[in-house]
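# Structural features, examined
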Amino acid sequence: MSNTILHIPAMPEAETVSPDFTAKANGLNLPIRYIRVTAIPFNTWWPGHQRPKDQTEFASYTNFSLDGKAEIEVVCHTKKIESVEIKPTAFGIVPHIDGQKISFTVDKPCHFTVEVNGWHNCLHVFVSSPENYGVDINDKDVIYFGPGVHKAGLIEVKSGQTVYVDESALVYGSVFAKDAENIKVLGRGVIDSSPYKRIQEYTDSDAEGEEILNELKKRNVSRGIGNVLMIDCKNVLIDGLVFRDPPEWSYNIYHCENVRINDVKLIGLWRYNADGIDIYLGKNFEITGSFIRSFDDSIIARGACGASDEDIFENMLTQNCVLWCEWGRAIEIWTSQRTSHMKDIFFKDCYIIRVAHVAMDIQIYRSGPTYIDNVVCENIYVDTDRHADRPIYQKQENQIYEKRYDDDYRPILFFIGKAYEFHKPLNPLGFPADVNYTNVTFRNIHVTGHRMPQSILKTIPGHMRIENVSFDGIYLGDKRFESFDDMNIFIGSDAKNVTLS
């Protein structure tokens, strides 16, 4: 391994060290951090407070950079090892067990989980390529956070500026930009938004946790914020960072152009409706090489929703991402009410290691003139558990989640149609119900598990049409489906030109 480059960042003293695991890479100690995550798929927003912590648990994660090969040794301290899975299984990383020690080899940058006796309290391993940003920390346009802990609050980025977070930095804050161009948010450190409230908790006071919302109010911004909020920005790069514990959606990218998000790690998303990356209108987006564990939808292409939204969304590529969706949809295209034109949306070489409701989803809420065209999901690998917990809407605040071991629940694999309400002939904004989904391709989709999840293509005669949907290479294990009768799929009676090959 003489040609291997292995770099392990130091962990700030303020971080909580995981009691569950210790680990080494090529004989060097890997710092392992402890992070709150959700424990159960149990969700409903209750006005006035956040999700209770008794619905959560702790997990662990470590991160390092690699060019070459690393031999990893993990010791589990809190469970007697009965089984180990490394997900995505498609990575082919084989664990070897010796008592309480797990060993395996990593030979390229990738992000995965090490799951001992199931997924609870698991270890996340984030392996990036070596850092090569070339940032001058003394440049006047660089907002630099050095090693240690920073209480930054609202991190506002102006045109031409770069935020650079050192690999050994822990920054409590949220990133915000509006009407900015040529901006970057870079580094291998952590941006943690755990001290802050979501917009539905806002009391317009000096209460603890409302600092960022108060700053946004001064800027006449009424939207909420998680880890990142960008509005009407162009030419954006976000690369390398770990983002943790947002009060709502982690990323809210609204009406932007030319946005690239690469090698980000989203973890600790346990609060109500903690989406991963929401791309809301605009054009030219790339999301690559990232890991998202979200407590709501993981990656979402969002069309128009409000009464004054513009309606254009085009050209988005998501590639080589690992998604763990603990509520909602892993891959989603979503719009509502107002006229929406969405086209050229691609998900390629992605790995869904767990999902609550739907793996791949295209949907309309409350109807409206909608045109979604040229969507491709290609080389998607979906791991399904032998037992998947059924997601449950919490109807009363004192309700307890009841886990059912006799329930053979499976989330939906493909869904095209409507979500929740559908108003016809007009929606609440007065727009006609006219929904068109055309030219959708699912190619080379691999599912693990003992049986095929259901898929649904739903139409509403005269109001919601589906046309030219191609299933090209759909697999359960080694079995390739050759007929819809075997594939466990419902297809609306007036869907046109739906093919399987």
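See above for the structure.
Here's a quick rundown of the structure. (Residues numbered from 1 in each chain as written. Predicted model: local features only at pLDDT ≥ 70, side-chain atom pairs only at ≥ 80, totals over all residues. Heavy atoms only, no water.)

Take the overall build of the protein next. Check the secondary structure of the protein and you find 2 helices and 40 strands. At 22 Å, the protein has a C-alpha radius of gyration in line with the 23 Å of a compact globule built from 501 residues. When burial is assessed residue by residue, the protein has 57% of its 501 residues classed as buried. Pairs at least 24 residues apart make up 70% of the contacts formed inside the protein by residues separated by at least 6 positions. Accessible surface, the protein: about 19900 Å² in total, of which carbon and sulfur atoms supply 47%. Mean positive and mean negative side-chain charge positions of the protein (52 and 69 charges, respectively) differ by 2 Å. (Helix = DSSP H or I, 4+ residues; strand = E, 2+ residues; numbered from the N terminus. Rg over C-alpha atoms; globule rule 2.2 N^0.38 Å. Buried < 20%, exposed > 50% of the residue type's maximum accessible area, 1.4 Å probe, protein only. Contact = heavy atoms within 4.5 Å. Areas by Shrake-Rupley, 256 points an atom, 1.4 Å probe, with all protein chains shown as cover. Lys, Arg positive; Asp, Glu negative; His and termini not counted. Charge placed at Lys NZ, Arg CZ, Asp CG, Glu CD.)

This next bit is on empty space enclosed by the protein. One pass over the structure, following the stated rule, counts 3 cavities of 30 Å³ or more. Lining the largest cavity are I331, I333, F347, M360, D361, I362, V375, C377 and F442. Of all the elements, strand β31 (residues 358-365) adds the most residues to the lining of the largest cavity, at 3 residues. For the lining of the largest cavity, a count of residues per class yields 8 nonpolar, no polar and 1 charged. (1 Å grid on protein atoms, 1.4 Å probe; cavity = no way out; pocket = protein on both sides within 12 Å on 5 of 7 lines; lining within 4 Å. Points joined across faces, edges and corners; volume = space filled by probe spheres on them. Nonpolar A, V, L, I, M, F, W, Y, C, P; charged D, E, K, R; others polar.)

The next point concerns the side chain of K265. Considering the arrangement of structural elements, one finds K265 in strand β23 (residues 265-267). Taking the relative accessible area as the measure of exposure, K265 reaches 2% and is therefore buried. Of note is the side chain of K265, whose polar atom sits 3.3 Å from the side chain of S128. Beyond its immediate stretch of four places on either side in the chain, K265 contacts H111, F126, S128, G240, L241, V242, F243 and F291. (Polar contact = N/O pair within 3.5 Å; in protein donor to acceptor, adjacent residues only side chain to side chain.)

Attention now goes to the side chain of S60. Relative to the helices and strands, S60 resides in strand β6 (residues 56-67). Residues contacting S60, with those up to four places away along its chain left out, are S18, D20, F21, I32, R33, Y34, C122, L123 and H124.

Under the counting rule described, the total for this entry stands at 22 aromatic pairs. Measuring from ring centre to ring centre gives 6.2 Å for Y133 and Y164, while their planes differ by 75°; the resulting arrangement is edge-to-face. Here Y133, found in the loop between β12 (123-128) and β13 (142-145), pairs with Y164, found in strand β15 (residues 162-165); they are 31 residues apart in sequence, far enough to count as distant. In textbook terms, an aromatic cluster arises when at least three aromatic residues are bridged by ring pairs, as seen for F414, F442, F471 and F484. Its guanidinium or amino end placed over the ring of W45, R198 lies 4.3 Å from that ring's centre, counting from NZ or CZ. Positioned over the ring face of W334 is R302, at 4.6 Å from the centre of the ring. (Phe/Tyr/Trp six-rings, centres within 6.5 Å; stacked < 30°, edge-to-face > 60°. Lys NZ or Arg CZ within 6 Å of the ring centre and 35° of its normal.)

Turning to helix α1 (residues 211-218), its buried residues number three or more, namely I212, L213, N214 and L216. Close packing links the buried residues of α1 with β14 (148-156), β16 (169-178) and β19 (228-231). One or two steps after α1, the chain reaches N220, where phi turns positive at roughly 60°.

What follows deals with the environment of T384. Following the sequence through the fold, T384 ends up in the loop between β32 (370-382) and β33 (392-393). The spatial distance from the C-alpha of T384 to the C-alpha of P453 is 8.8 Å, given a sequence separation of 69 residues. Ignoring anything within four residues of it in the chain, the contact list for T384 reads R410, V447, T448, G449 and P453.

For residues that are not glycine, phi is negative in most cases, and the peptide bond is trans in most cases. A cis amide bond links K87 with the next residue in sequence, P88, at an omega value of 10°. Considering the arrangement of structural elements, one finds P88 in the loop between β8 (84-87) and β9 (96-98). Following K424, the chain continues to P425 via a peptide bond in cis, the omega torsion being 0°. Residue position: P425 is located in the loop between β34 (412-418) and β35 (435-447).

Keep in mind that these numbers describe shape and distance, not what the molecule does.
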